[in-house]
Amino acid sequence: MMFIFLFISLAIVGFVALAAQHRTVRIFAAFYYLVQAGFAAAVIPFRIGEVESQFFTFDLLGAIFFVLMAVISAVAFVQSNFYLDRETLRQFKLYNISLMLLCVSATGVYFANNIAVTWIFLEATTLCTAGLVYHRRNTRSLEATWKYIFICSLGIAVAYLGILLLSTVTAGGELSYANLARTVASGNPLYLKIAFLFILVGYSCKMEVFPLYTIGVDANFAAPAPASAVISTVLVNAGFVSLFRVYRVAAASPVYQWFSHVLILAGLISLLIAGVYLRRTNNYKRFLAYSTVECMGLSVVGLGVGGIGIFAALLQVIAHALIKSGMFVQMAQVGKVYGTYRMNRIGGYIGVNRTGAVALLLGGMSLLAFPPSVLFVSEMMILRQVIESGRWWLLVLLALLLCFVMFSFCSRILKLCYKPVGNPLPMPSLRIHLGLTWCGLLLIAGASVLGIVQPPFLIKFINAVIAF
């Protein structure tokens, strides 16, 4: 099933590359997202737990994030057709090819049951994302592209070194996660510490946490807003899934406590960096990207504290994907209306697009974990685990950092919606697509519904994922 999906997806990409009209590109691309939805419908009810071709397993962890990707990428594709209205045929084809290949690569990451296969597909996401970052073909996008390729390649190379060290404990050289979990207890603790540290550093460029978070921020800044909605959710989720599978291996090792402390430290530094730059940045796309650093940093802290924090980390990442994609969908409308994302030149958005402003305000409240946001539930779980573990110093640090993040975030979102600027840029367009505005609002509202009523099947799925 997996190889059939990969073959069909690559065939569609080939047809898009040969298309001679924008309309033909749209038709084939739309067919890809239908195939993706069909694959989700075939995998979830019927194939959970199946192993295919030795290297892929249709488990619940991959299935949850694949369904999220199917929804988010389809919305991003629809929005792209309205957002990219001045592109040449070549630009339009390369954009859609890059977006589809990114989804294909992320699919491989989600379902890979072998750490080497995960590494290969993560490296593939680098090239696909680079095509989206370079879409504008200007000096800024060129700089962001070569930085992205260089730093991500460096990060993935560091992760590869970690994988090589981790392979020293395997039986028969098999690099499946199941085999690593069985044999890691006999590994050299020093080698294991270095291996897990290298893997965390390498995967941080995809997950957008400390230390290699900067490249994800630059990618979101340079890429078109619909692509940013995919990069900050689908690609970030791929990084989280990769780290979570390694985390389960680490849990069976003698250095688990040490690795947990490293995760907490990385999460805290991510929160600190996000809080500072949420206040300092002057661009709304960078602003949302730093919000991703904050949310993913908190999920890493959840993994580090363990217990119910692991459940909370998964719930945090799922909710973040829905909310952040909805925010980027709406921010694309802001960019279309004002022709810029510069904070000091735009404002008073509620007078231009009331529904869109409501979506931004609701999304901001959700990201800040105000009830009924599901992030309120996940963050309370993390804080509860921190208290139960007796880490009062960590509770104080988290409270201070989260308050700083809240202040920075609220001041910027309220300014965009309500505060008129003294010398605004002339608005080049008032083309507001209400359908896309409502799509973004529904994604955000869906996360709010999860905060009020957690569906039993979702709770069951997450509990099954963390049962190790």
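Above this text sits the structure in question.
Residues numbered from 1 in each chain as written. Predicted model: local features only at pLDDT ≥ 70, side-chain atom pairs only at ≥ 80, totals over all residues. Heavy atoms only, no water.

## Considering the nonpolar core
The biggest cluster of nonpolar side chains holds 175 residues, and the ones touching the most others in it are Phe 65, Tyr 110, Ile 115, Phe 196 and Phe 244. Setting aside residues no more than four positions away along its own chain, Phe 65 makes contact with Tyr 110, Asn 237, Phe 240, Val 241, Leu 314, Val 317 and Ile 318. (Core = buried A, V, L, I, M, F, W, Y, C linked by side-chain atoms within 4.5 Å. Buried < 20%, exposed > 50% of the residue type's maximum accessible area, 1.4 Å probe, protein only. Contact = heavy atoms within 4.5 Å.)

## Let's talk about the pattern of salt bridges
For side chains bearing opposite charge, pairing can occur when the charged atoms are close. Applying the stated rule across the entire model yields five salt bridges. In this structure, the salt-bridge partner of Arg 136 is Glu 87, at a minimum N-O distance of 2.8 Å. Of this pair, Arg 136 sits in the loop between helix H5 (115-133) and helix H6 (139-166) while Glu 87 sits in the loop between helix H3 (60-83) and helix H4 (89-111), and the two are 49 residues apart along the sequence. Judged by relative accessible area, Glu 87 falls into the buried class, the value being 12%. Note that Glu 143 and Lys 147 form a salt bridge whose closest N and O atoms lie 3.0 Å from each other. (Salt bridge = Lys/Arg side-chain N within 4 Å of Asp/Glu carboxyl O. Helix = DSSP H or I, 4+ residues; strand = E, 2+ residues; numbered from the N terminus.)

## Description of the packing of helix H13 (residues 308-338) against helix H14 (residues 354-367)
Close contact between H13 and H14 brings their axes to 10 Å; oriented N to C, the two are set at 145°. When you trace H13 past H14, the crossing you get is left-handed. Contact residues: His 320, Ile 323, Lys 324, Met 327, Gln 330, Met 331 and Val 334 in H13; Gly 356, Ala 359, Leu 360, Gly 363, Gly 364, Ser 366 and Leu 367 in H14. Taken together, the residues that form the contact of H13 with H14 break down as seven nonpolar, six polar and one charged. (Axes fitted to C-alpha atoms, helices over the stretch in contact; angles between N-to-C directions. Left-handed = near helix turned anticlockwise from the far one by under 90°. Nonpolar A, V, L, I, M, F, W, Y, C, P; charged D, E, K, R; others polar.)

## Here's the deal with unusual backbone geometry
Phe 210 connects to Pro 211 through a cis peptide bond whose omega is 15°. With respect to the helices and strands, the residue Pro 211 is situated in the loop between helix H8 (189-207) and helix H9 (214-222). Residue Pro 372 is bonded to the preceding Pro 371 through a cis peptide linkage, with omega at 10°. Here Pro 372 lies in the loop between H14 and helix H15 (374-388). With a phi angle near 60°, Glu 208 is a residue other than glycine that sits in the positive phi range. As for its position among the elements, Glu 208 is in the loop between H8 and H9.

## Regarding the environment of Pro 456
With respect to the helices, strands and loops of the structure, Pro 456 is situated in helix H18 (residues 456-465). Pro 456 sits 163 residues away from Val 293 along the chain, and the two C-alpha atoms are 29 Å apart.

Just distances and angles here, no functional claims.
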